[in-house]
Amino acid sequence: MLIHQHLHDDVQQLALQRNRFPQLSDTDFRFFLQQIEGRQRTAHKLPTMATFTDWWYPVRLSCEQCSSEATASYKATLLRQALLNEEREYDCTLFDLTAGYGVDTYFMSAHVQEAHYVERNAELCAIAQHNFALHRPHIQVHNTTAEDFLASLPIPHPSELAHPTSPYRIIFLDPARRSLSGSKVFRIEDCEPNILELLPSLRAKSDRIMIKFSPMLDITAALRAMGQDWDTHVVAVNNEVKEVLFVTGSGAIHAVHIGPTHTDVMTFSEAEEKTAQIGIAPTIKTYLYEPNAAIMKAGAYRLMSQRYAMDKLDINTHLYTSDTFLPDFPGRIWQVQEVLTKHSTLNAKLKYSIISRNHPLSPDQLRKKLKLQDGDDQYIIAARHQGKPVLILATRI
C-alpha cells in the first residue's frame, strides 16, 4: 500500500513533491498526506491503532484533541466494572453522543453488546464508519447532533426498567470546550452541547452517565451546578492531568494517576478531606513528598497528611515531610540535604532544578537571583514553612 511505503517520510517534504504521485488525484493526495501525518503524530498516543494497517486518521486537530489510549482504556475499565457490578457485561448498549474521532467509543465498546457512535461532523463519521466496520462491527455510526439523537431515543417504560432482562444503557459525552470564536472555555454551561440543558433527558433515558470534562474544570462549581450524585475521576497521565470524568454515583472522588508501569488510585470523599487531621511540621525532616497531579487536582491535601502520617510544611503549602521513607508514595520524593540560609553556598559546577510551591518568587526569578544553571543534578525547592519562605536543597529519589 502506498501509504505504508512512506510512513517514515517527512510529510512537509512529501507535500512539496506532488509530481511524484501522478496516479493520485488532488483529493487522494491530501488524504495520503493526512494518513501519514496522523499515524506519525498518534503512534505513541494510540499504539493499538498504530498496529492496524487499515486504520484511517482524521485531520490534525482531531488527532490532537482525541483521547489517548491510556485515558480511553481507563474509561473502558470503569465501564466494565460498572457492568460487572450490575451483572451486565456485554448485555448493554453504549451511546457516545459526541464521539469525535471515536477513540473512547472504540475502547469502551469492547465490553458492550451494541454501541452507537454519534457525531455531527460528516468527515469524522466517514472515517469512523471505515474503522469500525473493520475492527468494531457492532458500533453503529450516526451523523447527527447529540441533541437530536438524544431526542429520538425513547424513554424506557417503567415495566421495562423493572425487568431483569431490560436494556441497560450507558451514555457518554465529551462536550466541545471551544466557543464559536475558537477560544477555549471551561465552565460546563459554556461547552457544547450544554450538559445542564441535556441533564434531565440524560437521566430519564440512561442507566448510567459518564461525562468527560476539561482538566481545568472547577470541580466544586460543576458539582454545585449538576448535583452531588456524581463520582469524580481526576485522570492524570505521567503527572499531567488530562481529564475530569463525572460518572453517576454516590459522590466518591478518585485521583487516578496512570504511570509508565502502573496506575495509582486514591479514593476519598469530600467529608473525609474536610475532617482529616493534619500537622504542621515544626522542622523539615529527612524526606520531602509532593503528591501526584491527580491528587493535587482532586484536592486531597489534608488526607495526604493523615493517611501517610506526614506533616505539611504549611497549611497552604502542599508539600509533606517525614523521617520515614515511603517508597510507594503516589508522587515525587526527595531526600533533604539542607535548608539553605544566607550563609549557604551552592556548587557552581552543578545544575539545579528549581521548584516553587507557595513561595513569593518563581523558579525563573530564583534562578536569576541565585545565578544557577538549569539542570537536574540537584533540586532547590522553594516553599513556605510555618508561614516563612524557605529554600530546600534536595536530591530526587
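The coordinates are above.
Here the residue numbering is sequential within each chain, running from 1 through the sequence in written order. In view of the model being predicted, local features appear only for residues whose pLDDT reaches at least 70, and side-chain atom pairs are presented and counted only at 80 or more, with totals across whole chains, interfaces and linings using the full set of residues. Only hydrogens and water are set aside when side-chain values are computed; all heavy atoms of the structure are taken into account.

## Let's talk about helix H8 (residues 122-135)
Applicable threshold: For the purposes of this entry, the term helix denotes a DSSP run of H or I that reaches at least four residues, the term strand denotes a run of E that reaches at least two, and both are numbered from the N terminus. Expected span, for any helix, means 1.5 Å times one less than how many residues it has. Working definition: with a 1.4 Å probe on protein chains only, accessible area under 20% of the residue-type maximum means buried, over 50% means exposed, and in between means partly exposed. In this description, the arc belongs to the directions extending from the helix axis to the C-beta atoms. Pairs of N or O atoms within 3.5 Å make up the polar contacts considered here, provided that, within protein, one atom can donate a hydrogen while the other can accept it, and that residues adjacent in sequence are counted only when both atoms are side-chain atoms.
A rise of 1.5 Å per residue sets the reference length of H8, with its 14 residues, at 20 Å; its end C-alpha atoms lie 20 Å apart and thus fit the reference within 8%. For H8, the complete set of buried residues consists of Leu-124, Cys-125, Ile-127, Ala-128, Asn-131, Phe-132 and His-135. The buried residues of H8 all sit within an arc of 160 degrees when viewed along its axis, so they share a single face. The N-capping residue of H8, defined by a side-chain oxygen 2.9 Å from the backbone nitrogen of Glu-123, is Asn-121.

## Structural notes on the side chain of His-385
Operational definition: Contacts are assigned to residue pairs with any non-hydrogen atoms lying within 4.5 Å of each other.
Secondary-structure assignment places His-385 in strand E16 (residues 378-385). At a separation of 2.7 Å, a polar atom in the side chain of His-385 contacts the main-chain carbonyl oxygen of Ala-281. Sequence-distant contacts of His-385, defined by excluding residues within four places in its chain, comprise Ala-281, Pro-282, Thr-283, Ile-284, Leu-313, Asp-314 and Val-390.

## So, the pairing of strand E1 (residues 93-96)
Rules: Only when DSSP finds a minimum of two bridges between them are two strands counted as paired. Note on handedness: a clockwise path from strand one over the helix to strand two, with the strands aimed away from the viewer, defines a right-handed crossover.
Residue alternation in E1 divides its side chains into two sets, Thr-93 and Phe-95 and Leu-94 and Asp-96, and both sets are buried. In terms of strand pairing, E1 meets strand E4 (residues 169-173) through four bridges, oriented parallel. Paired with Leu-94 across the two strands is Ile-170, which belongs to E4. Of the pairings in the sheet, the one linking E1 to strand E2 (residues 114-119) comprises four bridges and is parallel in character. In the sheet register, Leu-94 faces E2, and the bridge partner there is Ala-115. At this point the chain moves from E1, through helix H7 (residues 103-108), to the parallel E2, and the crossover so formed is right-handed.

## Section: the state of the cysteines
Quick note on the threshold: Any pair of cysteine sulfurs within 2.5 Å is marked as a disulfide.
Enumeration according to the criterion identifies zero disulfides in this entry. Cys-63 forms no disulfide, and the closest cysteine sulfur to it belongs to Cys-66, at a distance of 6.1 Å.

## Remarks on the pattern of salt bridges
Keep this limit in mind: Salt bridges are defined by distance alone: a side-chain nitrogen of Lys or Arg within 4 Å of a carboxyl oxygen of Asp or Glu.
Scanning the model with the defined rule gives 18 salt bridges in all. With a shortest N-O distance of 3.7 Å, Glu-64 and Arg-41 are connected by a salt bridge. Of this pair, Glu-64 sits in helix H5 (residues 60-65) while Arg-41 sits in helix H3 (residues 26-42), placing them 23 residues apart in sequence. On the basis of relative accessible area, Arg-41 is assigned to the partly exposed category, the value being 42%. A salt bridge links Asp-91 to Arg-88, with the shortest nitrogen-to-oxygen separation between them at 3.3 Å. A relative accessible area of 9% places Arg-88 in the buried class. Because the salt bridges share partners, they merge into one network encompassing Lys-75, Asp-104, Asp-174, Lys-212 and Glu-243.

## Focus on the sheet that holds E2
What counts is decided by this rule: In this analysis an axis means a line fitted to C-alpha atoms, helices contributing only their contacting stretch, and an angle means the value between N-to-C directions, from 0 to 180 degrees.
What the nine strands build is an open sheet, ordered E3-E2-E1-E4-E5-E7-E6-E8-E9; its pairing is mixed. The sheet is open, and its two edges are formed by strand E3 (139-143) and strand E9 (263-268), each paired on a single side. Direction aside, the axes of adjacent strands within the sheet are offset by 15 degrees on average. Its contacts with the sheet put helix H11 (residues 195-205) on E4, strand E5 (208-213) and strand E6 (230-237), and the angle it makes with E4 is roughly 165 degrees.

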